[in-house]
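Listed below are the residues making up each chain.
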Amino acid sequence: MRFDRSRTRACLRVAAVTFPMLLAAKPVRNAPTVGSQPPPAMDHSPPPHEVNLWGGHGEGLTLGRQTWLDLARGQMATGPAAPAAARAGAGHARGVAAGFTIVGSVAVLEGDELTTTPSGTGFGLNKDNLAQISSRFIAAFGDEYDQIAVFLGFTDRLSQQALAYQQPVKNDIRGLGLGFWDETRQFGSPSGRMESMLNMKRINVYGRDAANDPDNDLYSVWAQEAAHRWALYFKYRFPDDAADRTDLLLRQNAHWAPWVQSEGSFLDGLNWKDNGDGTFTVLDANKRYGTADQYAMGLRSASEVPAFFLLDEFRDETGGSIDRNARFSPGRRYTAKRTNVTSEDIVRALGPREPARSPAAEDLRMGVVFLTPPGSGLGLSLGEAFRVETTRAPWDGFYNASAGGRGKVCTELLRPCRGQAFTFGAPTLAAAGRPAGVVAPGDEVQVTLPVTNVGTEPGVATVSARGEDITFSPSPVSTPPLAPGQATVVSFTAQLPATLVCGAPHKIDFEAPGRLGPSKGFYDVSVGLARGAGFDLEDAGTPAAWTINPDGTDTALVGAWEWGTPERTEAFQFVLQPGGAVSGTRAFVTGAAAGPRPEANDLDFDTTAPQVGRTTLESPPMPLAGLGNPRLSYQLHFVAAGFEREVLVPGAGDAFYVQASFDGGPWVEVDRVPATLALGWESRLAPLAPALALAPAASSVRFRFVAEDSDLSETVVEAALDDVFLMGELPACGAPAPGVPPEVKPNDGGGCSLAGPRGGADAPWSLAALALLLARARRFTRRA
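The model shown is predicted, which means the values in this text are computed figures rather than measured ones. (Residues numbered from 1 in each chain as written. Predicted model: local features only at pLDDT ≥ 70, side-chain atom pairs only at ≥ 80, totals over all residues. Heavy atoms only, no water.)

(A) Helix α5 (residues 218-227), seen in detail. Counting buried residues along α5, 10 of its 10 residues qualify, which places the element largely inside the surrounding structure. Every buried residue of α5 is accounted for by L218, Y219, S220, V221, W222, A223, Q224, E225, A226 and A227. (Buried < 20%, exposed > 50% of the residue type's maximum accessible area, 1.4 Å probe, protein only. Helix = DSSP H or I, 4+ residues; strand = E, 2+ residues; numbered from the N terminus.)

Quick look at the structure:
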């Protein structure tokens, strides 16, 4: 595959400029006047407005409300007979991040019958779907969010003509021109904090370099939708007026009219310059939150809003009349009549803003969700989720600068961005009378947890630990005062139930409160396993002990397995090959050198005709003696990537798989990783019991690790392997003694991913040292 970096974004820019793009909350026209009582509370929020890609608009966006369950059953599936997922709703999974996979600080959720609605051959989102997404997000990450921005891995067929929209959830502020409503409980926010949701649609509409392109519209779109929670629904009234005036607004009565000096507001605003000679020039548009926007958002008082103006009776340089709705060109001079408007005129019509300030806008906590297509599997969407993450981080700075530093946004998922904020390292568990790191069901264990202050203020972390069926004491535990950047450890005593399943993940959540919100962490621990024979691949004799292309049938022309230090290779900010090993400095990798191009080590690179590229690595024999119910543990970084619609996608048919041979017998597959996009090293744990049942008295096993580029289209396959070990269950787990045939249980034919995208709803997991399985942070840390 050749990555074409010359792809133009001109068509996207034209679309972004030509097509009006945004949806806004419909203004409610019964806002209170000065001294009046607030209007009666509405029983539901106003609908979003719709703006289509060809410049038209509607008075209300109609989103279908029928769910999959309606279509399948012909009725609303909410009673006792409803499927478990429908009855459980947000409560289908428990604990921090339950039900989500995390990519950076993006919460990835697989779409299903409750979070999407079928439409034609695809899917869309309606208000009920957004409420379900919000409820699940809050259940998993806490009721500490003001807004949630949802990006999609599919085209929203219920609003195909709209680029993005804001779904109102709550308004309790006077003086904005809005009525009052509160649907926070429907959206899963019992505290009433949640205020709005943003349907940002697909990230790839904006091109892959949105974060570095000053002409890209992603952030101005995002800024407009975030501000629609408060703006723009202004009217005004001069002292001698008998009625309110509404000509500050145009599109959907929710965006600035082009004849208003709105300081180039994100809400369709122009930045007009008065040239002092009766002429006016547009300087720029859609570049910032203007001072009037900031007043609506609660970022400044009315007295801090300077007088602005609106224009009428436009004429061009020749004296020709120009309609007020015309498209005004930057740099051109227009003659017009100026009328000044002040914040007092707005307050006269709508009443003062109450409350005057908005903590939500000043320190906006925004969750970012990526929703995958239903039934497609998470792996197909990881590249697009990664693109959302690479544009999410710059958004924080963009918002912070757009209001002159008066407002800040935080999209970090598990901690505040400022103030007291803490991160938690992987915990270690130790039991008396056992080797370091080895614990079993029923043990009393010491849990040691690293804690680091990553915030901007000194503080004490008061850490609580919570695990399903695991009790901790004491809990909470407080650290000594920590300066920013300082780290320490805290310890708990935990009683492990005797019923814990050996080798299975058991979740532990950690949380520390803070002035601007809690800091959270979560890890899966696995008990009852001890490490047997294996290789960390650091020994100088490794190349002689391992065999590459053992049968002489490999077809890879380049990128064959070699022992060395992997060099970091990227394509579009995505790591194709890691820049180092998991432990030490050495690993096996399909072409350790980075090469002149990202695809230089691709298994079928530079072939003259399509063919399968395959490379095989065979291990030395590893003894099985003393291991009950053995498993293979290894660290893997595997990427099988194609390029489509400005994002990386898995290459269909490409794979990584592992075969085992017991005492020189036939090769049997014990693990398979389909085409994927690795977001870091992942720990794999493959059960050997089903294969070992064919040779129950075997004394040793060899493994073959195969990377295969089977996709005959242009894809890149890269693999790296490290830390290959056998694991066995402790006698306390009831594992069969060596030489006794293990019970063969149903198996999916592969291992479980312990730190990556294929570990199920609660993935990723990882394997810690000395046979204790500990989850790595679910942020998918990418090693440099």
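Further notes follow.
(B) Broad picture of the pattern of salt bridges. Inspection of every chain in the model, using the stated rule, returns 38 salt bridges. As a salt-bridge pair, D172 and K170 come within 3.7 Å of each other at their nearest N and O atoms. On the basis of relative accessible area, K170 is assigned to the buried category, the value being 14%. For D443, the salt bridge is made with R434, and the minimal N-O distance between the two is 2.7 Å. Connected via shared salt-bridge partners are K170, D172, E195 and R229. (Salt bridge = Lys/Arg side-chain N within 4 Å of Asp/Glu carboxyl O.)

(C) Spotlight on the sheet that holds strand β17 (residues 333-341). Taken together, the 5 strands give an open sheet; going across it, the order is β13-β14-β17-β15-β16, and neighbouring strands pair in antiparallel fashion. Looking at the sheet topology across the chains shown, the edges are occupied by β13 (270-274) and β16 (321-322). Relative to β17, strand β15 (residues 308-315) is paired through 6 bridges, and the arrangement is antiparallel. Residue pairing for β17: F308 is matched across the bridge by V341. (Pairing = 2+ DSSP bridges.)

(D) Structural view of the state of the cysteines. The final tally for this structure, using the stated rule, is 2 disulfides. Sulfur-sulfur distance for the disulfide between C410 and C417 comes to 2.1 Å. In this structure, the disulfide formed by C410 and C417 twists by about 85 degrees around the S-S bond and is classed as right-handed. Overall, the relative accessible area of 1% leaves C410 in the buried class. The class for C417 is partly exposed, based on a relative accessible area of 22%. Between C502 and C733 runs a disulfide, and the two sulfur atoms are separated by 1.8 Å. Looking along the S-S bond of the C502-C733 disulfide, the torsion reads about -85 degrees, which is the left-handed sense. Pair noted here: C502 is in the loop between β26 (487-495) and β27 (506-512) and C733 is in the loop between β43 (716-729) and β44 (752-753), with a separation of 231 residues, a long-range link. (Disulfide = S-S within 2.5 Å.)

(E) Structural view of the environment of E538. Mapping E538 onto the fold places it in the loop between β29 (529-535) and α10 (542-545). Between the C-alpha atom of E538 and that of A587, which follows or precedes it by 49 residues, the distance is 7.4 Å. The contacts of E538, once residues within four sequence positions are left out, are W563, S583, G584, T585 and R586. Engagement of the side chain of E538 in a polar contact is seen with the backbone nitrogen of R586, the distance being 2.8 Å. (Contact = heavy atoms within 4.5 Å. Polar contact = N/O pair within 3.5 Å; in protein donor to acceptor, adjacent residues only side chain to side chain.)

(F) Spatial organisation of the packing of aromatic side chains. In total, this model carries 34 aromatic pairs according to the counting rule given. Plain terms: the ring middles of F234 and Y295 are 6.1 Å apart, the flat faces sit at 35 degrees to each other, and that makes the pair tilted. Within this pair, whereas F234 is found in the loop between α5 and β13, its partner Y295 is found in helix α6 (residues 291-297), the two being separated by 61 residues in sequence. Exposure remark for Y295: the relative accessible area of 5% places this residue in the buried category. An aromatic cluster is built from F535, W546, W561, F588, Y634, F638, F656, F703 and F705, whose rings are joined through pairwise contacts. A cation over an aromatic ring shows up here: R586 above the ring of W563, its NZ or CZ 4.8 Å from the ring centre. (Phe/Tyr/Trp six-rings, centres within 6.5 Å; stacked < 30°, edge-to-face > 60°. Lys NZ or Arg CZ within 6 Å of the ring centre and 35° of its normal.)

(G) Structural context of the nonpolar core. Judged by nonpolar contacts, the single largest core of 89 residues is most densely connected at M200, W222, F234 and W272. If we skip the residues at most four places from it in the chain, W222 touches A149, F151, L198, M200, M366, V368, T391, R392 and W395. One finds A691, L692, V717 and V724 within the second-largest nonpolar core, a separate group that totals 36 residues. (Core = buried A, V, L, I, M, F, W, Y, C linked by side-chain atoms within 4.5 Å.)

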